[in-house]
Amino acid sequence: MAYIKYKIYKNTGSAGVKDKFYARAYHDETIDIEGLAEHISNHNTVYSKGTIHGVLMDMVGCIRELLLDSKKVKLDNLAIFSLGLSSRPADSPSDFSASTNIVKAYINALGTGEISKKQLDINARFKEVTEYSRGEASNTDTPSDPSGNPDGGTDDPNGGTDDPNGGTGGSDQGGGSVDDGDGDVSLG
């Protein structure tokens, strides 16, 4: 079974949450399109890595084109992609200028279907990264608590974020987690 790896960090920010400890997702590798094509081709498909790579490259180009045309793109069971904007305020609509007030465009991805927040809350399992040195990490390997419950023990209402409202990005973030202190956590 796959685990979402995390490491624990100390918040040094604002009062109320300062000097408290929280989880942060840990990523040990970035898979590019070529790596994804190879991974897909290893799943007993009749399509070659090269064919899959070509389809993925075309998909990326098309998604970019659609996003730049103010469309949202939904990849079922993955995410709905859309563009967002950061802008500076203007005193009135007539004072607003795109070239002056819009600072940047960015991409949003909202999980959907099998990777929606609800499904992640049900299916995700977590493993703490126990050593943080020079980009390398070792992991704890105990998947259950001493009572034998694979989902752990106590509920964390903040979902392991440093935001008492459950995380950044609105109500689709955060959620409860179960942590029994053995390094593995399940959402429950």
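This text goes with the structure placed above it.
The following refers to the structure shown. (Residues numbered from 1 in each chain as written. Predicted model: local features only at pLDDT ≥ 70, side-chain atom pairs only at ≥ 80, totals over all residues. Heavy atoms only, no water.)

Here we take up the overall build of the chain. When its secondary structure is counted, the chain shows four helices and nine strands. Beginning at the N terminus, the succession of helices and strands in the chain can be written as β-β-α-α-β-β-α-β-α-β-β-β-β. Residues counted as buried form 23% of the 188 residues belonging to the chain. A sequence separation of at least 24 residues applies to 45% of the contacts in the chain between residues at least 6 apart. Roughly 13100 Å² of accessible area belongs to the chain as shown, and the carbon and sulfur atoms make up 51% of that amount. (Helix = DSSP H or I, 4+ residues; strand = E, 2+ residues; numbered from the N terminus. Buried < 20%, exposed > 50% of the residue type's maximum accessible area, 1.4 Å probe, protein only. Contact = heavy atoms within 4.5 Å. Areas by Shrake-Rupley, 256 points an atom, 1.4 Å probe, with all protein chains shown as cover.)

Attention now moves to unusual backbone geometry. Even without a glycine there, the phi angle at Asp19 is positive, about 65°. Relative to the helices and strands, Asp19 is located in the loop between β1 (4–10) and β2 (21–25). One non-glycine residue, Asn44, adopts positive backbone phi at about 55°. Relative to the helices and strands, Asn44 is located in the loop between α1 (33–41) and α2 (49–67). A relative accessible area of 79% means that Asn44 is categorised as exposed.

All right, on to the environment of His39 then. Here His39 shows up in helix α1. For His39, a relative accessible area of 47% translates into the label partly exposed. Taking the C-alpha atoms as reference points, His39 and Ile52, separated by 13 residues in sequence, lie 9.9 Å from one another. Looking at His39, its side chain comes within polar contact range of the side chain of His43, at 3.0 Å. (Polar contact = N/O pair within 3.5 Å; in protein donor to acceptor, adjacent residues only side chain to side chain.)

Below, the discussion takes up the environment of Asp19. For Asp19, a relative accessible area of 43% corresponds to the partly exposed category. Those residues in contact with Asp19 that lie beyond four places of it in its chain are Lys10 and Asn11.

Our focus in this paragraph is α2. Helix length check: α2, at 19 residues, gives a terminal C-alpha distance of 27 Å against a target of 27 Å (1.5 Å per residue), a fit within 8%. Turning to α2, its buried residues number three or more, namely Ile52, Leu56, Ile63 and Leu67. All buried residues of α2 lie within an arc of 35° about the axis, which places them on one face of the element. Exposed residues on α2 whose side chains face more than 90 degrees from its buried face are Gly50, Asp58 and Glu65. Contact partners of the buried residues in α2: α1, β3 (73–75), β4 (79–87) and β5 (102–111). (Expected span 1.5 Å × (residues − 1). Arc of directions from axis to C-beta.)

Turning our eyes to something else, we now look at the sheet that holds β5. Ordered by their spatial adjacency, three strands build an open sheet running β3-β4-β5, and the pairing between neighbours is antiparallel. Among the strands making up the open sheet, the edge pair consists of β3 and β5. Neighbour to neighbour, the strand axes of the sheet diverge by 30° on average, direction disregarded. Across three bridges, β3 lies against β4 in antiparallel orientation. Counterpart to Lys74 in the pairing with β4 is Ile80. α2 contacts β3, β4 and β5 of the sheet and is inclined by roughly 145° relative to β3. (Pairing = 2+ DSSP bridges. Axes fitted to C-alpha atoms, helices over the stretch in contact; angles between N-to-C directions.)

Functional significance is not addressed by these values, which are geometric in nature.
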